[in-house]
There are 2 protein chains.
Amino acid sequence: MSLNPADDRLAALLPEHVLRPVTPAYLEDARGREPGQAGLVAAPRTTEEVSLIVRACAQARVGIVTRGGGTGLVGGQIMWDGPAPLVLSLERMTALRGIWAQENVLVAEAGMTLQAVRDAAAGQGRLFPLSLASQGSAAIGGCLSTNAGGVTALRYGSARALCLGVEAVLPDGSIVHDLKRLRKDNTGYDLRDLLIGAEGTLGVITAASLRIVLPPPEVGTAMLEVPDPGAALSLLALAEARMAGCVTAFELIAGQGLAFLSEVLPEIRQPLPGAGWSVLIEVGLPLGTPADGALEGLLEEAMEQGLVCDGVIAQSGTQAAEFWTLREHLPEANRRIGSIVSHDISLPLSEISRFIQDAGQVARAMEEDIRINCFGHLGDGNLHYNMFPAKGRTRAEYGDLGQRLAERIHGMVIERGGSFSAEHGVGRVKVQDLQRWGDPARLAAMRAIKTALDPLGIMNPGAVLPR
Amino acid sequence: MSLNPADDRLAALLPEHVLRPVTPAYLEDARGREPGQAGLVAAPRTTEEVSLIVRACAQARVGIVTRGGGTGLVGGQIMWDGPAPLVLSLERMTALRGIWAQENVLVAEAGMTLQAVRDAAAGQGRLFPLSLASQGSAAIGGCLSTNAGGVTALRYGSARALCLGVEAVLPDGSIVHDLKRLRKDNTGYDLRDLLIGAEGTLGVITAASLRIVLPPPEVGTAMLEVPDPGAALSLLALAEARMAGCVTAFELIAGQGLAFLSEVLPEIRQPLPGAGWSVLIEVGLPLGTPADGALEGLLEEAMEQGLVCDGVIAQSGTQAAEFWTLREHLPEANRRIGSIVSHDISLPLSEISRFIQDAGQVARAMEEDIRINCFGHLGDGNLHYNMFPAKGRTRAEYGDLGQRLAERIHGMVIERGGSFSAEHGVGRVKVQDLQRWGDPARLAAMRAIKTALDPLGIMNPGAVLPR
């Protein structure tokens, strides 16, 4: 392969064994967007090698795009324009550095998949609660860099809340050693939380100290049909009042989502076929509180209050797994149908019900002939509000509708105190949204921090903040 | 009062009504240290006035020491040397800006006391879980700026974990508007968590959006005597395995602490007088799990395993309050006895038991004739490890022992992967500790961030980082 002069200079600074062929797999994302570019791909085995690579890139003035599992949804791991970067793949840094079951802590290298972290915890009778549809390939480093959310954030928080400390390489190649196994440490600025969610623009997280938990002794799962999203929120409030923080997940599912499943994944079993709106609830309770009884009590009270019209409480682990299979295949069904536009939004809980009504009206006023699938982590106020072509039509037929819808929907979200990126991050896809909707003083502070830590602008150039 | 020329220039830039007389109350801390200094005291009523004051201080090159309730324990609110600062008191910014019970969110101005925030939540049937001995005077802004911990961090986290967003004035006077009522928002760098714990060195938090929760339906409290701290940790693990995250507090109490209470606060009732080591446990459980039964079940299993020798389960709210009164008076008893040296340390849980043994041996090898009171938030690995004169002796008789002990104890803590400031912060008292024990790359990044956001060095000069 012939390299451009900058890459040539850079390659000369690196030990040959860290370089990898530039194959398409390093340049893609999970949304099937246009592939990115890379001058070189490096796969270090150690934090010291990451440091060496970062120093070399600084010297050669070559940008670095760090890559975990490549499952990011907003292009944080794909660089489409500007000088080709070095792609820093963490695929070889997959060691479990240690697990302290008694302390409920493990230390994982950034390239471990989320599933591998979960398995390591399970091997010691523990649970690493972060749970995402892409956990089989998503790397824990990427989960942290994007502060991934998922289905258990209601109870356990997003990735940030599960991280006790990080080891990271800063843009000057220095290594931050902060893999503490401590619940409390108030010794200066919170660099950990700054690196978490910075999407690789302030440094490379190479390892993390993570909280694990004892799995709740009693776990119960139910699918409940609700009259509307407002009732779902009242049901959540009722569940939380009864359950003392033991509601693990509370997912909203739209009738359109079930219809999509019937259309493209008919093999997925649906416990409440034809439900207009439903929720998937999981509770994890103390010893002596059988989950069935707790869910039955909830269901009874909720039905009396008109919050639930129908419901199925899982009678076995297998049935519970079936409910989760349904939930986890909603994004896959969406992908097969092919959206015109997707949104990853959050709203104050009391704004959600009216937002769903208003957004539907606004969207249909712009284009009557679409399908809307609104689902997501209702307990967190986090909706995936996605629009699709009518049956038999393709998204190409809708021209720039997606762009115009996104503009309106994001505007409505901001007006209501919401966020245009609840859990996916900014990446490169939402850089302009952040510039447009972000608080100016906060943006200026972000820019000052970026310039202070990465004066050469080599870390994930053009992600989060414009180049 | 005659002002020095800088203060004179500064006063001319400020509206007269924000200025307050410089009285001793603005210059003190809860530990009774040497009072600090102030050229001016300003008490703004609005965020815009805070901004105006910060801009004026920037123009006049006068440092700003922000002050909430003044209860900080490490001198973050007291400036002893360098040019006299303006003390920015938040005493007039005490509004509850709003409470959204359905969303479990409230927005408080920074000068509200923690107790007032707790009361506002209670008024809507909610709980703001942060709980500290000083909550009657500690301001919520100070709790956030120092990332205060307290007795419920085990379950609900420290102050940081309870904050959804902040409004803040940055060192250039710009106002960050980020009072979001959102559980998830991944739109750029985590400026909120950077300001939290920065102890007023990066800006002034003027208001915060806070998580409140539904109080658990069933609450139980017990005092249990344990053979040693190792047994206490095994008891905690057992409780957590049974309780699915419903252990709210788990406090270790040393026999020496009970002896101090008997000595100086004999009116405090002791349910387990003479216990060598004991723990105060509080659980908050779902409906249908009576707390008494849950605690009895725990006690039974723990006794079988030899983890508990004796115990009292509170039979009423009054009795539970008595247990807490005991716990909350431990610091007051310490104060009356008068420590030679105090430590606010955290350790990995599996290091704690041996550390307590080793530290006791090391200390007694340095000086046999002392009393050690080791207590604190065992569930968080956070100990207050304090040394006192023998009965009948004064701390003055021990010369520089306190300093030498601190040196050794901190060294032992660092060796074991612990922290020399678990929940109190760095302030001015631990600046040198941070320089000595902090990770060099992390310290360099902290300095870069400080310089980027506060190039004039006006925000709390000399706190956290040396001037």
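Note that the structure is a prediction, hence the values are computed from the model and not measured.

Cut-off values and rules
Residues numbered from 1 in each chain as written. Chains lettered and ligands numbered in written order. Predicted model: local features only at pLDDT ≥ 70, side-chain atom pairs only at ≥ 80, totals over all residues. Heavy atoms only, no water. Helix = DSSP H or I, 4+ residues; strand = E, 2+ residues; numbered from the N terminus. Rg over C-alpha atoms; globule rule 2.2 N^0.38 Å. Buried < 20%, exposed > 50% of the residue type's maximum accessible area, 1.4 Å probe, protein only. Lys, Arg positive; Asp, Glu negative; His and termini not counted. Charge placed at Lys NZ, Arg CZ, Asp CG, Glu CD. Pairing = 2+ DSSP bridges. Salt bridge = Lys/Arg side-chain N within 4 Å of Asp/Glu carboxyl O. Axes fitted to C-alpha atoms, helices over the stretch in contact; angles between N-to-C directions. Expected span 1.5 Å × (residues − 1). Contact = heavy atoms within 4.5 Å. Phe/Tyr/Trp six-rings, centres within 6.5 Å; stacked < 30°, edge-to-face > 60°. Patch = residues over 30% accessible without salt bridge, like charges linked within 9 Å, V, L, I, M, F, W, Y side chains within 5 Å. Areas by Shrake-Rupley, 256 points an atom, 1.4 Å probe, with all protein chains shown as cover. Buried area = accessible area lost by both parts, 1.4 Å probe. Polar contact = N/O pair within 3.5 Å; in protein donor to acceptor, adjacent residues only side chain to side chain. Disulfide = S-S within 2.5 Å. Domains from an automatic or database assignment.

## A short note on the overall build of chain A
Regarding its fold elements, chain A presents 14 helices and 16 strands. Here the C-alpha atoms of chain A give a radius of gyration of 23 Å, agreeing with the 23 Å that 2.2 N^0.38 yields for 467 residues. Considering only C-alpha atoms, chain A reaches an extent of 70 × 55 × 45 Å along its principal axes. Counting over 467 residues, chain A shows a buried share of 62%. Distance between charge centres in chain A, computed from 41 positive and 52 negative side chains, equals 5 Å.

## Here we look at the pairing of strand β15 (residues 370–377) of chain A
Every other side chain in a regular strand lies on the same face of the sheet, so the side chains alternate between the two faces. All names here are of chain A. Within β15, eight of the eight residues are buried, leaving the element largely enclosed by the surrounding structure. Bridge count between β15 and strand β16 (residues 382–389): eight bridges; the pairing is antiparallel. Following the sheet pairing, C374 is matched in β16 by Y385. The antiparallel hairpin formed by β15 and β16 contains four residues in its connecting segment, where G381 sits at a positive phi of about 70 degrees.

## Details of the pattern of salt bridges
Using the criterion set out here, one finds 60 salt bridges over all chains in the structure. When the shortest N-O distance is used, the salt bridge between R336 of chain A and E332 of chain A registers 2.8 Å. Linking R336 of chain A with E332 of chain A, this pair stays in helix α10 (residues 317–337), spanning four residues, or about one helical turn. Of the residues examined, R336 of chain A reaches a relative accessible area of 47% and is grouped as partly exposed. Across the pair E415 of chain B and R416 of chain B runs a salt bridge, and its minimum N-O distance is 3.6 Å. Residue class for E415 of chain B comes out exposed when judged on its relative accessible area of 67%.

## Observations concerning the sheet that holds strand β6 (residues 105–109) of chain B
Residues and elements named next belong to chain B. What the five strands build is an open sheet, ordered β5-β6-β9-β7-β8; its pairing is antiparallel. Of all strands in the sheet, those with a lone pairing partner are β5 (96–100) and β8 (175–178), marking the two edges. With strand direction ignored, the average angle separating the axes of adjacent strands in the sheet is 15 degrees.

## Considering helix α12 (residues 401–415) of chain B
All names here are of chain B. Between its first and last C-alpha, α12 extends 21 Å over 15 residues, near the 21 Å set by a 1.5 Å rise per residue. Turning to α12, its buried residues are L401, G402, L405, A406, I409, H410, G411, M412 and V413. Taken together, the buried residues of α12 touch β14 (344–346), α11 (349–366), β15 (370–377), β16 (382–389) and α13 (431–437). Positive backbone phi, at 80 degrees, marks G417, one or two positions downstream of α12.

## Examining the sheet that holds strand β3 (residues 64–67) of chain B
Residue and element names in this part refer to chain B. Overall, mixed pairing links the four strands, which are arranged β1-β2-β4-β3 in an open sheet. At either margin of the open sheet sits one strand with a lone partner, and together these are β1 (19–20) and β3. Where strand β2 (residues 40–42) and strand β4 (residues 86–89) come together, three bridges link them in parallel fashion. For A42, the partnering residue across the bridge sits in β4 and is L88. Of the strands in this sheet, β2, β3 and β4 touch helix α2 (residues 47–60), which is tilted by about 170 degrees from β4.

## Some points on the packing of aromatic side chains
Residue and element names in this part refer to chain A. Tallying each qualifying case throughout the model produces four aromatic pairs over all chains. Taking the centre distance of 4.7 Å and the plane angle of 75 degrees together, the rings of F260 and F388 count as edge-to-face. On the criterion of sequence distance, the pair formed by F260 in helix α8 (residues 255–264) and F388 in strand β16 is long-range, its members being 128 residues apart. Overall, the relative accessible area of 0% leaves F260 in the buried class.

## A few points about a negative patch on the surface
A surface patch of like charges, here negative, comprises D292, E296, E300 and E304 of chain A. Relative to the helices and strands, E300 of chain A resides in helix α9 (residues 291–304).

## Observations regarding the interface of chain A and chain B
Counting residues at the interface gives 86 residues for chain A and 86 residues for chain B. Here chain A and chain B share an interface that buries about 6300 Å² over both sides, 59% of which is from carbon and sulfur atoms. Considering only the side of chain A, the residues that lose the most area to chain B are K184, N186 and Y189 of chain A, jointly responsible for 17% of the buried surface there. Put simply, chain A and chain B have six salt bridges between them. The partner of D380 of chain B in a salt bridge is K184 of chain A, with the nearest N and O atoms 3.2 Å apart. The tally of links from chain A across to chain B stands at 41 residue pairs in polar contact (both at pLDDT 80 or more).

## A look at the environment of I372 of chain B
Residues and elements named next belong to chain B. Of note, I372 is situated in strand β15. Relative accessible area serves as the criterion here: at 12%, I372 is assigned to the buried category. Residues I372 and V341, 31 residues apart in the sequence, show an inter-C-alpha distance of 9.9 Å. If near-sequence neighbours (up to four positions away) are discounted, I372 is found in contact with Q256, G360, A363, R364, Y385, N386 and M387.

## Side note on the state of the cysteines
Under the counting rule described, the total for this entry stands at zero disulfides over all chains. The thiol of C143 of chain B is unpaired, and the distance to the nearest cysteine sulfur, on C163 of chain B, comes to 11 Å.

## Brief notes about the domain arrangement of chain A
All names here are of chain A. What the domain assignment lists for chain A is domain 1 (5–89), domain 2 (96–211) and domain 3 (218–336). The C-alpha centroid of domain 3 is placed 29 Å from the C-alpha centroid of domain 2. Each partner contributes residues to the interface: domain 2 has six residues there, and domain 3 has 13 residues. Carbon and sulfur atoms supply 59% of the area that domain 2 and domain 3 bury against each other, a total of about 700 Å² over both sides. When the buried area of domain 2 at its contact with domain 3 is split by residue, V151, L154 and R155 rank highest and sum to 79% of it. Applying the counting criterion to the domain 2 and domain 3 interface returns zero salt bridges.

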